[in-house]
Amino acid sequence: MHLIQRMKIWKELRRLEQRAKEQPSPSTFVDLGQVYINLDLNDKAEGLAEDGLALFPKSIELRQLLDCARRGLRNRRAAELRAKLTRAPSPKLFRELALIQMDLGDSNALHATCQQWSLRFPDDAGCWLMLGQARLTSFYRDLAAREGQEAVQCLERAVGMDPKEVQSRRLLSEVLYRVGAVHEAQKHVQVLREIDPADQEVEQLLSHIATLTDTGAELSVLLDEVESHGSLRNASLEAAQPAPSAENSISEVRTGLARVLELAGVEKATFIRGSKAMVKGQIKDGRDPFLRIVRVTAKAAHRFARRLDIGSASKTIVEGDFGRICICVFGEALAAAQCASDCDVELVLSELQELVAGALHAVEE
Amino acid sequence: MSKINDAIAELRHAPGVKGAAVITNDGLVAASSLATGLDPDVISGLSSYLMMTTNRSLTEGSYGACTKMLINATHGKAVLVQLDESYLVVLFDQFAEVAQADREVDETVTRIRRASKLA
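Residues numbered from 1 in each chain as written. Chains lettered and ligands numbered in written order. Predicted model: local features only at pLDDT ≥ 70, side-chain atom pairs only at ≥ 80, totals over all residues.

Some points on the sheet that holds strand β1 (residues 266–273) of chain A
For the record, the criterion: Any two strands with at least two DSSP-identified bridges between them are counted as paired. Strands are runs of DSSP state E lasting at least two residues, helices are runs of H or I lasting at least four, and both sets are numbered from the N terminus onward. To obtain each axis, a line is fitted to C-alpha atoms, and for helices this fit is confined to the stretch in contact; angles are then taken between N-to-C directions over 0 to 180 degrees. Whether two residues are in contact depends on their C-beta atoms, placed from the backbone: they are in contact if these lie within 7 Å.
If you walk across this open sheet you meet the 10 strands as β2(A)-β1(A)-β5(A)-β4(A)-β3(A)-β3(B)-β4(B)-β5(B)-β1(B)-β2(B), and the pairing is antiparallel. Each having just a single partner strand, β2 (276–281) of chain A together with β2 (29–34) of chain B make up the two edges of the open sheet. For this sheet the average axis-to-axis angle between neighbouring strands, irrespective of direction, equals 10°. With 7 bridges joining them, strand β4 (residues 76–82) of chain B and strand β5 (residues 86–93) of chain B adopt antiparallel strand pairing. Within β5 of chain B, the position partnered with V81 of chain B by the bridge is L88 of chain B. Each of β1, β2, β3 (313–320), β4 (323–330) and β5 (333–339) of chain A together with β3 (66–73) of chain B touches helix α15 (residues 289–307) of chain A; the most contacted strand, β3 of chain A, lies at about 125° to it. Where helix α16 (residues 345–358) of chain A meets the sheet, it contacts β1, β3, β4 and β5 of chain A, and its direction lies at approximately 30° from that of β4 of chain A.

Written out as structure tokens, the structure is:
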């Protein structure tokens, strides 16, 4: 690149950096991030997108920027690994490269890597597991019988080459019971139990499969049925388990707030997530100034910490003639309490922290 | 002014303290002693934004003014103490025990207040 051109780009970059600092908004962050990506500074673009998402967590453009930066970093790592593999091939490097290619969704490159891998290391079952995983992902996405058949073949080969390998057997049993070949899946899960009798997940899987009925049909017929119906016959273990209900999570938050309010000196407490707030204590209604103060202060402290490069502000205490306001933030959830000057701040903060951490998975009302 | 500078410089030697500064309510740096990499103008801008925003919301809610603020972040901590026409900002590293440095911070506040009155 011409020297003058390069100087112009760096000048523009400085201008955009300054703009992002002075007027932080998704568009200023994205403009700067795009320049970083064009200059192949993907690590900087990734950091910038993460900072931007901390300030604007709902921005779709910033998420896209983050994806793009991570994709660039993965591509760079893949190129490094390919160069290393040319010099000194090893199953470990092949596995890492295949994983990156799977993340990138580059199935052609993944197949080429696995082909090389199986040629260089014919006794290593890893390449068949990787291929099986890639095929399985496509099968679950498109429900195409051919993909399912190939996934099963790859996984069966991996299991045959290394019968003690847990991952391939687990994936194989899952695809089998989900399409309806329950008896066949049961055999594999029994082997998994013999390999590790203490594994609770295997026990759960076994009891889940016991509730399902076997169709008795051939695997190819079952896969064709899946393709024609456009849905899998049985749900996965995770999907079959009951999700934590909104009522349970919210009642936990309510109990947590009541516990905070019981501490000596605490006058009011709140839990805020997004635009919703739950309150306890001397709070009249949603217009109580305490709620606004908590929101504004938490946001200001967050920005202060991010711009000062000291990470995310997790705990903030504001003192004044009114006593103390303690705020604890974690992700999108925020808990705060107003208390007297002589109360045990550490105790209040630890209770608030517990409340926020426990409510992270709270389902929105 | 040198007394305020001395007080700040002394506080800077307390364990875990990365920097300290006295900033006027309108955002000017009156005195500072900061570790390399910390820009006094950036700190004054950010802390005046933080204090102004917090104080405005407190006043609007009839809570009165903020006298002290403590922020605990992932990679560092900060304490802001309101003085008469200014405030003191102290930055700590993430491992510092702010409660242990309370005495030093309080002493510095007293010294700065005394020096301001004399001036």
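From this point, things continue past the structure.
Focus on helix α6 (residues 107–120) of chain A
Let me state the cut-off plainly: Expected span, for any helix, means 1.5 Å times one less than how many residues it has.
In this model, α6 of chain A (14 residues) spans 20 Å end to end at C-alpha, consistent with the 20 Å of a helix rising 1.5 Å per residue. Those residues of α6 of chain A that are buried lie in contact with α5 (91–104) and α7 (126–142) of chain A.

Topic: the environment of S118 of chain A
Residues and elements named next belong to chain A. The criterion, for reference: Here the C-beta atoms are placed from the backbone, and a residue counts as buried if at least 20 other C-beta atoms lie within 10 Å of its own, exposed if 12 or fewer do, and partly exposed otherwise.
Within the secondary structure, S118 sits in helix α6. For S118, a count of 18 C-beta atoms within 10 Å corresponds to the partly exposed category. Separated by 27 residues in sequence, S118 and P91 place their C-alpha atoms 9.4 Å apart.

Structural notes on the nonpolar core
Spelled out, the test is: A set of buried residues qualifies as a nonpolar core if it consists of Ala, Val, Leu, Ile, Met, Phe, Trp, Tyr and Cys joined through C-beta atoms within 7 Å.
Ranked by internal contacts, the top residues of the largest apolar core, which has 72 residues, are C326, A336 and L352 of chain A together with V89 and V90 of chain B. Residues contacting V89 of chain B, with those up to four places away along its chain left out, are A20, A21, I23, I43, S47, A78 and L80 of chain B. A98, C114, L136 and V182 of chain A belong to the second-largest nonpolar core, a separate cluster that totals 43 residues.

Some points on the interface of chain A and chain B
The criterion, for reference: Put simply, Ala, Val, Leu, Ile, Met, Phe, Trp, Tyr, Cys and Pro go in the nonpolar bin, Asp, Glu, Lys and Arg in the charged bin, and everything else, Gly too, in the polar bin.
If you look at the interface, chain A gives 25 residues, while chain B gives 24 residues. For the side of chain A that touches chain B, the secondary structure elements donating two or more residues are α15 and β3 of chain A. With 11 residues, α15 of chain A is the largest single contributor of residues to the side of chain A that touches chain B. Here the side of chain A that touches chain B is composed, by residue class, of 14 nonpolar, 6 polar and 5 charged.

What about unusual backbone geometry?
Even without being glycine, D309 of chain A reaches a positive phi, approximately 65°. Mapped onto the elements, D309 of chain A comes out in the loop between α15 and β3. For D309 of chain A, a count of 13 C-beta atoms within 10 Å puts it in the partly exposed group. Look at S62 of chain B: it is not a glycine, yet its phi comes out positive at around 60°. Locating S62 of chain B in the fold gives a position in the loop between α2 (40–60) and β3. Given 8 C-beta atoms within 10 Å, S62 of chain B falls into the exposed group.

Brief notes about the environment of G105 of chain A
All names here are of chain A. Within the secondary structure, G105 is located in the loop between α5 and α6. Residue G105 is classed as exposed on the basis of its 12 C-beta neighbours within 10 Å. Spatially, the C-alpha atoms of G105 and A134 are 8.7 Å apart, while their sequence positions differ by 29 residues.

Considerations on the packing of α7 of chain A against helix α8 (residues 145–161) of chain A
Residue and element names in this part refer to chain A. The following threshold applies: The scheme is simple: roughly parallel for angles under 35 degrees, roughly antiparallel for over 145, roughly perpendicular for 65 to 115, oblique for anything else. A clockwise turn of the near helix away from the far one marks a right-handed crossing, whereas an anticlockwise turn of less than a right angle marks a left-handed crossing.
Where α7 meets α8, the closest approach of the two axes is 8 Å, and the angle between their N-to-C directions is 155°. On the basis of the axis angle, α7 is roughly antiparallel to α8. Judged by the twist between their axes, the crossing of α7 over α8 is left-handed. Here α7 contributes W128, L129, L131, G132, R135, L136, S138, F139 and D142 to the contact with α8, which in turn contributes E147, G148, E150, A151, C154, L155, R157, A158 and M161. Residue composition of the contact of α7 with α8, by class: 10 nonpolar, 3 polar and 5 charged.

Looking at helix α2 (residues 26–38) of chain A
Residues and elements named next belong to chain A. Its 13 residues give α2 an end-to-end C-alpha distance of 18 Å, which sits within 8% of 18 Å, the value for a rise of 1.5 Å per residue. Of all the positions in α2, only F29, V30, L32, G33, Y36 and I37 are classed as buried. On its buried face, α2 is in contact with α1 (3–22), α3 (42–55) and α4 (60–87). Where α2 terminates, the next one or two residues include D40, which has phi positive at roughly 70°.

Side note on the environment of L237 of chain A
Relative to the assigned elements, L237 of chain A resides in helix α13 (residues 237–240). Leaving out residues up to four positions away in the same chain, L237 of chain A has contacts with Q204, L205 and H208 of chain A.

Considerations on the confidence of the model for chain A
Any segment with low pLDDT has predicted coordinates that should not be analysed in fine detail. Selection rule: Residue-level confidence of the predictor is summarised by pLDDT, bounded by 0 at the bottom and 100 at the top.
Taken residue by residue, chain A gives an average pLDDT of 85. The fraction at 70 or more is 95%. Within chain A, no element has a lower average pLDDT than α13 of chain A, which sits at 74, and none a higher one than β3 of chain A, at 92.

Some details on the confidence of the model for chain B
Mean pLDDT over chain B stands at 88; residues scoring 70 or higher make up 97%. This prediction of the complex comes with two scores: 0.52 for pTM and 0.94 for ipTM.

Here's the deal with the packing of α5 of chain A against α7 of chain A
All names here are of chain A. The N-to-C vectors of α5 and α7 enclose an angle of 5°; their axes lie 10 Å apart at closest approach. By the angle class used here, α5 and α7 are roughly parallel. Contact with α5, carried on its side by P91, F94, R95, A98 and M102, involves G126, C127, M130, Q133 and A134 of α7 and no other residues of that element.

A word on the pairing of β3 of chain B
Among the 8 residues that make up β3 of chain B, 6 are buried, leaving the element largely enclosed by the rest of the structure. By the bridge criterion, 7 bridges tie β3 of chain A to β3 of chain B in an arrangement that is antiparallel. Paired with T316 of chain A across the bridge in β3 of chain B is I71 of chain B. With 6 bridges connecting them, β3 of chain B and β4 of chain B associate as antiparallel partners. Across the sheet, M69 of chain B pairs through a bridge with L80 of chain B, a residue of β4 of chain B. Counting the residues between successive antiparallel strands, the hairpin from β3 of chain B to β4 of chain B contains 2 residues.

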